[in-house]
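# Chains, contacts and geometry: an overview
Chain residues, written in single-letter form:
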Amino acid sequence: MGCVIAVDLGATNSRAAVLDQNGRMAKKVEAKTPAGGADPAILTGFLSGLITRVCGGTLPDDSTGIGLSAAGPVDIRQGILLNPPNMPFRDVSLTGPLSEEFGIPVRMVNDCHAGILGEAYYGAAKGRRDAVYITLSTGIGAGVLANGRILLGRDGNAAEVGHFHVDDTYDLTCGCGHSGHWEGYASGKYLPWFFAQWCHYHGRPHWGPDTAEDIFHSAREGDDDVLRFLGDLSRINARAVSDVIVAYDPELIIFDGSVMRSNADLLLGPIIDAVDRYLRLPEMVMTGLAGDAPLLGASVIARGYDTGYGDFESMIG
Ligand SMILES: [Zn+2]
C-alpha cells in the first residue's frame, strides 16, 4: 500500500494532504478557494495547483490515488461538482481532468460524506455501526453511517439535512429557494440574517452584527436580546437534530463545522436538552479531529473505500 493525496474543497478554504502508507498525514497545505470566475478551468487549475504544492512538485512514486471531498451537491459517478460555491456556472467535471493530469484514480464524495468516513476511520465513530456526522459551517449538512456503511443516495447527496424544514414562525428563505430550512437559519452564512429578522419580528432594535461570531460574542457578554435569540436558535437546532434522530436512528451524533467548533459551549448543551425523547437518545459529541474529518475521509475514499457503487468504481482512473 502506497501513499494517497486527500483534498478538501471548501466554500471558503481548501486543504490538501499527503497521507503515508500507515494513514498518517505527512504534509498538509491550505489555500483560499477561488472566489469567482467564468471558466470551470479555474477550479480544476486551483485543485491541480494545490495537489502539486502538497506533493512538493511531483506526485510521490508510490501514490495510489487522490480523494476529493467537495462542498455542495455532487454527482459522484460522473465526478462532477454541481452548483459550485462562489462560481457562476452549474457543473464542473473534476475527477476526469485530475485523473488524466496525474495519471492515478481520482474519486470524489461530498464533504459531509467525507466527514463521516473520517470519523469512522480516525475519530469518534470508529467501531460504530450507526452514526451521523453533522456540520454547521458556512452551510449545514450531514453524513450517515448506517449498518456500518456510508449512506450515499442516488448521486451521492443523501442526508442533505440543511434542507430539513424546521420553522414556520419566521418563514426565512433558504439559499435553495425554499423556506423554513435549517441552513437558512443556523448556518454561518444565514445566522446574521436570521438575527435581523428575529429583531424585526419581536420589535427589538437591531444593531447589525455582520457575522455569526459577532452574535455569539454578544451572547457571552450577556446581551439579553441575543440570549433570547439563542433560545429560539436552539429550539430550531433541536428540531433539526430530532428529525435526524428519527430518520437514521443513530447511536452517535458527531458535530463539526466552524460555527459549532467555536461555539460548542453555547450550542451543544441546549440541543441535547431540547431534542425529542421519542427514540433512544444517541450520544452527542463534538468532533475530536479539529476540522480534519473531511480531509481524512477523502484519504479513505482515495484508498478505494468500497462504496458499493459498481459503476462508480468503473468511472475512475
Ligand atoms: Zn434549502
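Residues numbered from 1 in each chain as written. Predicted model: local features only at pLDDT ≥ 70, side-chain atom pairs only at ≥ 80, totals over all residues.

## Regarding the sheet that holds strand E9 (residues 131–136)
- The strand order E11-E10-E9-E12-E13 describes an open sheet built from five strands, whose pairing is mixed. What marks the edges here is a single partner per strand, and that holds for strand E11 (149–150) and strand E13 (283–286).
- Judged from the five bridges that link them, E9 and strand E12 (residues 252–256) form a sheet pairing that is parallel. Note on E12: the bridge partner recorded for Ala 131 is Leu 252. (Pairing = 2+ DSSP bridges. Helix = DSSP H or I, 4+ residues; strand = E, 2+ residues; numbered from the N terminus.)

## Here we look at helix H3 (residues 111–122)
- The first and last C-alpha atoms of H3 sit 16 Å apart over 12 residues, in line with the 16 Å expected at 1.5 Å per residue.
- With 11 of 12 residues buried, H3 is to be regarded as a mostly interior element.
- For H3, the set of buried residues is Asp 111, Cys 112, His 113, Ala 114, Gly 115, Ile 116, Leu 117, Gly 118, Glu 119, Ala 120 and Tyr 122. (Expected span 1.5 Å × (residues − 1). Buried ≥ 20, exposed ≤ 12 C-beta atoms within 10 Å, placed from the backbone.)

## Digging into the environment of Ser 99
- With respect to the helices and strands, Ser 99 occurs in helix H2 (residues 95–102).
- Residue Ser 99 is classed as partly exposed on the basis of its 19 C-beta neighbours within 10 Å.

## Focus on the sheet that holds strand E7 (residues 91–93)
- As summarised here, the arrangement of the three strands in space is E5-E6-E7, forming an open sheet in which the pairing is antiparallel. Either end of the sheet is taken by a strand with one partner, and the two such strands are strand E5 (74–75) and E7.
- As defined by bridge partners, E5 adjoins strand E6 (residues 80–82) across two bridges and the pair is classed as antiparallel. Counterpart to Asp 75 in the pairing with E6 is Ile 80.

## A short note on the nonpolar core
- Ile 5, Ala 6, Val 7, Ile 116 and Val 244 are the most contacted members of the largest nonpolar core, which has 88 residues in total.
- With 10 residues, helix H7 (residues 224–248) is the single largest residue contributor to this core.
- The residue makeup of this core includes at least three contributed by each of domain 1 (3–111 + 292–315) and domain 2 (124–286). (Core = buried A, V, L, I, M, F, W, Y, C linked by C-beta atoms within 7 Å. Domains from an automatic or database assignment.)

## Remarks on the domain arrangement of the protein
- Each assigned domain of the protein is listed here: domain 1 (3–111 + 292–315) and domain 2 (124–286).
- With centres defined by C-alpha atoms, the gap from domain 1 to domain 2 works out at 27 Å.
- Each partner contributes residues to the interface: domain 1 has 13 residues there, and domain 2 has 10 residues.
- Where the side of domain 1 that touches domain 2 is concerned, the elements lending two or more residues are E5 and strand E8 (106–110).
- Each residue belonging to the side of domain 1 that touches domain 2 can be placed in one class, and the counts come to eight nonpolar, four polar and one charged. (Contact = placed C-beta atoms within 7 Å. Nonpolar A, V, L, I, M, F, W, Y, C, P; charged D, E, K, R; others polar.)

## A few points about the packing of H7 against helix H9 (residues 264–274)
- At a closest axis distance of 8 Å, the pairing of H7 and H9 adopts a crossing angle of 60°. When the axes of H7 and H9 are compared, the pair comes out oblique. The handedness of the crossing between H7 and H9 comes out as right-handed. Side by side, H7 and H9 meet where Leu 230, Ser 234, Arg 235, Asn 237, Ala 238 and Val 241 of the first sit next to Leu 266, Leu 267, Pro 270, Ile 271 and Ala 274 of the second.
- Split by residue class, the contact of H7 with H9 holds eight nonpolar, two polar and one charged. (Axes fitted to C-alpha atoms, helices over the stretch in contact; angles between N-to-C directions. Parallel < 35°, antiparallel > 145°, perpendicular 65-115°, else oblique. Left-handed = near helix turned anticlockwise from the far one by under 90°.)

## Here's the deal with the packing of helix H1 (residues 41–54) against H2
- H2 packs onto H1 with a crossing angle of 40° between their chain directions and a minimal axis gap of 10 Å. Accordingly, the angle class assigned to the pair H1 and H2 is oblique. At the point where H1 passes H2, the crossing takes the right-handed sense. The residues of H2 that touch H1, namely those facing Thr 44, Leu 47, Ser 48 and Ile 51, are Pro 97, Leu 98, Glu 101 and Phe 102.
- Taken together, the residues of the contact of H1 with H2 break down into five nonpolar, two polar and one charged.

## Thoughts on the environment of Ala 298
- As for its position among the elements, Ala 298 is in helix H10 (residues 293–302).
- Residues Ala 298 and Asp 8, 290 residues apart in the sequence, show an inter-C-alpha distance of 7.1 Å.
- In this structure, Ala 298 is in contact with Ala 6, Val 7, Asp 8, Gly 67, Leu 68, Ser 69 and Ala 114, ignoring residues within four places of it in sequence.

## Some details on unusual backbone geometry
- Although it is not a glycine, Ala 159 adopts a positive phi angle of roughly 65°.
- With respect to the helices, strands and loops of the structure, Ala 159 is situated in the loop between E11 and helix H4 (183–186).
- Overall, Ala 159 belongs to the buried group, with 25 C-beta atoms counted inside 10 Å.
- Residue Ala 290 is not a glycine yet carries a positive backbone phi of 50°.
- As for its placement among the helices and strands, Ala 290 is situated in the loop between E13 and H10.
- Residue class for Ala 290 comes out exposed when judged on the 9 C-beta atoms lying within 10 Å of it.

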